[in-house]
Amino acid sequence: MVELEHARELLMTMKLYTAAELLDAHLEQASHEQQTYLHFLDALLSSEQMERSRKSQETRLKLSRLPHRKQLEDFDFSFQPSIDKRQIDELATLAFTARTENVILMGPPGVGKTHLAVGLALKALETGMVVYYTTLSHLIDDLRKAQTLGKLERRFGVYLRPAVLVIDEIGYTQLSRQEAELFFRLVSDRYERGSMILTSNKYFSDWGELLSDNVLATALLDRLLHHAHVINIRGQTYRLKDRLKAGIHTAPPVTISEES
Ligand code: ADP
Ligand code: MG
């Protein structure tokens, strides 16, 4: 028993806390099942490793600030036939992140842009990537605040570090020229360095007005679209699904520029 305590203390000293905690249970199981030494060691270290990866994922999930945890598996593709499910399945392999390509989800409110962006972000988190979610208006507010405090460079790091940066809701608020420049700088700095998943309710042709500068918008879209998967969703808002089922067609038609 002195040996057991000693072994446990050693595990604790080496910060193998889960292995220390489960040592008794693993020893008991090993003797019960007459496991080999190797099997016992493998099982003990695997439990440590699994707990570490679970904790790391939980931490990364919290730090990602995703608005919810809706999975791609929860998405009803039959409701949105304009989406090519094979394309989403291909994106879900995350090969696009290795090639630092972007994903741009476009369409009117309620068609599942945020759901798909979050679903892809969750896949990236599962594989151990660092992900960060923000909306365009939060991003700009945040960078402007940092700018007034003279901390812009440091703050930019928050948006440059993640392997996958999600910028949701591009199009709901028009940016001033100065704000558009911050957005442009971020897109330029991430160009060919890290993937972005963007959602927008505005066609690219409207981004000039959105960014209060046509030249800047062209330069920004040039970088953004160079390596990008654009998914154009043309369909009904899912929020109306049940009303449509009930045969009530009283809702006003949904247009691409409508705010949700
Ligand atoms: P958008 O970002 O395009 O405005 P959301 O992704 O927020 O739309 O979708 C609105 C709501 O409808 C969310 O609760 C989302 O989970 C749900 N939703 C949208 N499309 C689908 C779908 N095809 N299958 C299942 N849920 C959907
Ligand atoms: Mg949305």
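Data block above holds the structure.
Around ligand 1, the surrounding shell holds 14 residues, and the nearest of these are Lys 70, Asp 76, Gly 110, Lys 113 and His 115. Asp 76 is positioned such that a nitrogen or oxygen atom in its backbone is 2.8 Å from a nitrogen atom of ligand 1. Contact with the protein chains removes 88% of the 560 Å² of surface that ligand 1 exposes when unbound. In terms of residue class, the shell around ligand 1 is built from five nonpolar, four polar and five charged.

Moving on, we get to the pattern of salt bridges. A full pass over the atoms with the stated rule returns 17 salt bridges. The closest approach of N and O atoms between Arg 99 and Glu 90, which form a salt bridge, is 4.0 Å. Among the residues examined, Arg 99 registers a relative accessible area of 43% and is labelled partly exposed. With a closest N to O distance of 2.7 Å, Arg 155 and Asp 142 form a salt bridge. One end of the pair, Arg 155, is in helix α8 (residues 152-160); the other, Asp 142, is in helix α7 (residues 136-148), with 13 residues separating them in the sequence. Connected through shared salt-bridge partners, Glu 5, Arg 8 and Asp 24 make up one network.

So, on to the side chain of Thr 135. Inspection of the secondary structure assignment puts Thr 135 in strand β2 (residues 131-135). Classification of Thr 135 as buried rests on a relative accessible area of 9%. Ignoring anything within four residues of it in the chain, the contact list for Thr 135 reads Ile 167, Asp 168 and Glu 169.

Pairing between sheet strands relies on hydrogen bonds along the backbone, with the strands arranged either parallel or antiparallel. Reading across the sheet, the five strands line up as β2-β3-β4-β1-β5 and stay open at both edges, with parallel pairing between neighbours. Each having just a single partner strand, β2 and β5 (228-232) make up the two edges of the open sheet. The mean inter-strand angle of the sheet, taken between neighbouring strand axes irrespective of direction, is 10°. Sheet analysis places strand β3 (residues 164-170) next to strand β4 (residues 195-200), joined by five bridges and oriented parallel. Of the residues in β4, the one forming a bridge with Leu 165 is Met 196. On the sheet, helix α4 (residues 85-92) packs against β1 (102-106) and β5 and is oriented at approximately 145° with respect to β5. On the sheet, helix α6 (residues 113-126) packs against β1, β2, β3 and β4 and is oriented at approximately 165° with respect to β4.

Moving on to helix α9 (residues 177-190). Between its first and last C-alpha atoms α9 spans 20 Å; for 14 residues at 1.5 Å apiece the expected length is 20 Å, and the two agree. When α9 is considered as a whole, its buried residues turn out to be Glu 179, Ala 180, Leu 182, Phe 183, Phe 184, Leu 186, Val 187, Asp 189 and Arg 190. Buried positions along α9 lie against α7, α8, β3, β4, α10 (207-210) and α11 (214-226). Looking one or two residues beyond α9, the residue adopting positive phi is Glu 192, at roughly 60°.

Here is what the cut-offs are and how they apply
Residues numbered from 1 in each chain as written. Chains lettered and ligands numbered in written order. Predicted model: local features only at pLDDT ≥ 70, side-chain atom pairs only at ≥ 80, totals over all residues. Heavy atoms only, no water. Near = heavy atom within 4 Å. Polar contact = N/O pair within 3.5 Å; in protein donor to acceptor, adjacent residues only side chain to side chain. Areas by Shrake-Rupley, 256 points an atom, 1.4 Å probe, with all protein chains shown as cover. Nonpolar A, V, L, I, M, F, W, Y, C, P; charged D, E, K, R; others polar. Salt bridge = Lys/Arg side-chain N within 4 Å of Asp/Glu carboxyl O. Buried < 20%, exposed > 50% of the residue type's maximum accessible area, 1.4 Å probe, protein only. Helix = DSSP H or I, 4+ residues; strand = E, 2+ residues; numbered from the N terminus. Contact = heavy atoms within 4.5 Å. Pairing = 2+ DSSP bridges. Axes fitted to C-alpha atoms, helices over the stretch in contact; angles between N-to-C directions. Expected span 1.5 Å × (residues − 1).

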